[in-house]
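Here's the letter readout for the chains.
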Amino acid sequence: MGVAGGLLALGYDTASTEGRVGRSLTSEESDFLTKNGYVVVKGFATKNECNQLQKRIEQLADEFDPNAADRLSPFSSHEEDREKSDDYFLTSGDKIRFFWEPHAMDENGKLVMNKRQALNKVGHALHVHDDVFRSFVYDTLRPCVESVGFKQPIPLQTMYICKSQRAGGEVTAHQDSSFLYTEPLSTHGLWLSVHQADESNGCLWVIPGSHSIPLYKRFVSDGKQAVLRTHEHKGDLPLEGGVPLPTEIGDLVILHGNVVHWSEANMSDRPRHAYMLHVIDGACHYPEDNWLQYPPGKPFPSYDRVAASTHSS
Ligand code: FE2
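Conventions used here
- Note that residues are indexed from 1 along each chain, following the sequence as it is written.
- Confidence filtering applies because this is a predicted model: local features only for residues at pLDDT of at least 70, side-chain atom pairs given and counted only at 80 or more, and all residues used for totals across whole chains, interfaces and linings.
- Each side-chain value is derived from all of the structure's non-hydrogen atoms; neither hydrogens nor water enter the calculation.
- Centres within 6.5 Å are what make two rings of Phe, Tyr or Trp a pair, Trp counting through its six-membered ring; a difference in plane orientation under 30 degrees is then read as stacked, over 60 as edge-to-face, and the rest as tilted.
- Each helix is a run of H or I in the DSSP string that is no shorter than four residues. Each strand is a run of E no shorter than two, and both are numbered from the N terminus.
- Burial here depends on accessible area, computed with a 1.4 Å probe over protein chains only, as a share of the maximum for the residue type. Under 20% is buried, over 50% is exposed, and the range in between is partly exposed.
- Consider the ring centre and the ring normal. A charge sits over the ring if Lys NZ or Arg CZ is within 6 Å of that centre and within 35 degrees of that normal.
- In this description, a donor is an N, O or S atom within 2.8 Å of the metal centre, a cutoff extended to 3.2 Å for sodium, potassium and calcium. Water is not part of the atom list, which can make sites seem incomplete.
- Two strands make a pair as long as DSSP finds a minimum of two bridges between them.
- Convention adopted: a line fitted to C-alpha atoms gives each axis, helices being fitted over their contacting stretch, and angles between N-to-C directions are expressed from 0 to 180 degrees.
- Expected span, for any helix, means 1.5 Å times one less than how many residues it has.
- A pair is scored as a salt bridge if a Lys or Arg side-chain nitrogen falls within 4 Å of a carboxyl oxygen belonging to Asp or Glu.

Caption draft 1: Spotlight on the packing of aromatic side chains. Taken as a whole and assessed by the stated rule, the structure comprises 16 aromatic pairs. With 5.6 Å between their ring centres and 40° between their planes, Phe64 and Trp100 make a pair best called tilted. Residue Phe64 is located in the loop between helix 3 (47–63) and helix 4 (79–82), and its partner Trp100 is located in strand 2 (residues 96–100); the two are separated by 36 residues in the primary sequence. The class of Phe64 is buried, set by a relative accessible area of 16%. With 5.4 Å between their ring centres and 65° between their planes, Tyr88 and Phe99 make a pair best called edge-to-face. Placement of the pair is Tyr88 in helix 5 (residues 87–90) and Phe99 in strand 2, with a sequence separation of eleven residues. Residue Tyr88 is classed as partly exposed on the basis of its relative accessible area, which comes to 26%. Its guanidinium or amino end placed over the ring of Tyr88, Arg97 lies 4.8 Å from that ring's centre, counting from NZ or CZ.

Caption draft 2: Quick look at the coordination of the iron ion. Looking at the iron ion, the protein donor atoms are His174 (NE2), Asp176 (OD) and His261 (NE2), and they sit 2.1 to 2.2 Å from it. The sequence motif formed by the donor residues of the iron ion is H-x1-D-x84-H. Here His261 lies in strand 12 (residues 261–263) and Asp176 lies in the loop between strand 5 (171–174) and strand 6 (188–193), a separation of 85 residues in the sequence. Here the two residues Asp176 and His261 agree in accessibility, since each one is buried.

Caption draft 3: Region of interest: the sheet that holds strand 7 (residues 204–206). Taken together, four strands build an open sheet; the order of strands is 5-12-7-10 and the sheet is antiparallel. In the strand order of this sheet, the two ends are held by strand 5 and strand 10 (243–245), each with one partner. Each adjacent strand pair in this sheet contributes to an overall mean axis angle of 25°, direction not counted. In this sheet, strand 12 lies alongside strand 5 in antiparallel orientation, the contact comprising two bridges.

Caption draft 4: Quick peek at helix 3. Here helix 3 is 17 residues long and its end C-alpha atoms lie 24 Å apart, about the 24 Å a rise of 1.5 Å per residue gives. Inspection of helix 3 places Glu49, Cys50, Leu53, Gln54, Arg56, Ile57, Glu58, Leu60 and Ala61 among the buried residues, and these make up the whole buried set.

Caption draft 5: Structural detail: the pattern of salt bridges. For the coordinates displayed, the defined rule picks out 15 salt bridges. Between Arg23 and Glu29 there is a salt bridge, with the nearest N and O atoms lying 2.8 Å from each other. The exposure class assigned to Arg23 is partly exposed, which follows from its relative accessible area of 32%. Its relative accessible area of 12% is what places Glu29 among the buried residues.

Geometric values such as these leave the question of function open.
So this is what it looks like as structure tokens:
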């Protein structure tokens, strides 16, 4: 069964769009992920699928009227900026919202750059509300997610990350479990290379094996304000031993939630778009002070077609 029937059971609006069913991890890929905290799945998606995702985000961006918003919301991965997360960000978990490169805005929060180029990312529920992203997550990515080893995989969050040519900012070193925390740890990220990526246009960097270090920080929120606080280890994350992960169009990188990774700014003439899904295990506890919460009574999306019973909101 494709995405449409299952999501009807969740009470979401659905359409009949169904995507190609992708593949599971091979045992070699699974073993590599377990050992290193990441794996590159070569040629997971087709060029056409990547192109469809890009075209759809461009359509959404073109339809977005920046003048209709009181103030646009910048997104920066710098630690000191995380705590400036506003209500627009903190309530974006179940919505499609637009975040902009900080340097693409003037002091009044208006864009000073071409809209498509100024876009930093769109998140965090494209896969819940948009047919194109929904079919990619529920049909194409599903077998791969299921082969990662979750008891009850929850496709919690997706982001289309633009990192546009001559505009996309750096993403400093971090562990994804800092932002989507479960007890025990279960978060994994699936990062699709929509464009070819290398060191010149801001590819991913990862420290192999760093998923075995402690979780340094947690981004906690009371719903109004968020703070990045020390969790299991004080100090800065290590950067030694980082390796670049050059990827071709359609390659899929899977990241364990504790693995240290980052990407540089894109000062090249080539865009470096990516579509990222974060999955948690619904069998794990999802604390109330995680920033991403759904309104009371609205269940998280689930591959199992049933509401996750353990999350708080
Ligand atoms: Fe990340």
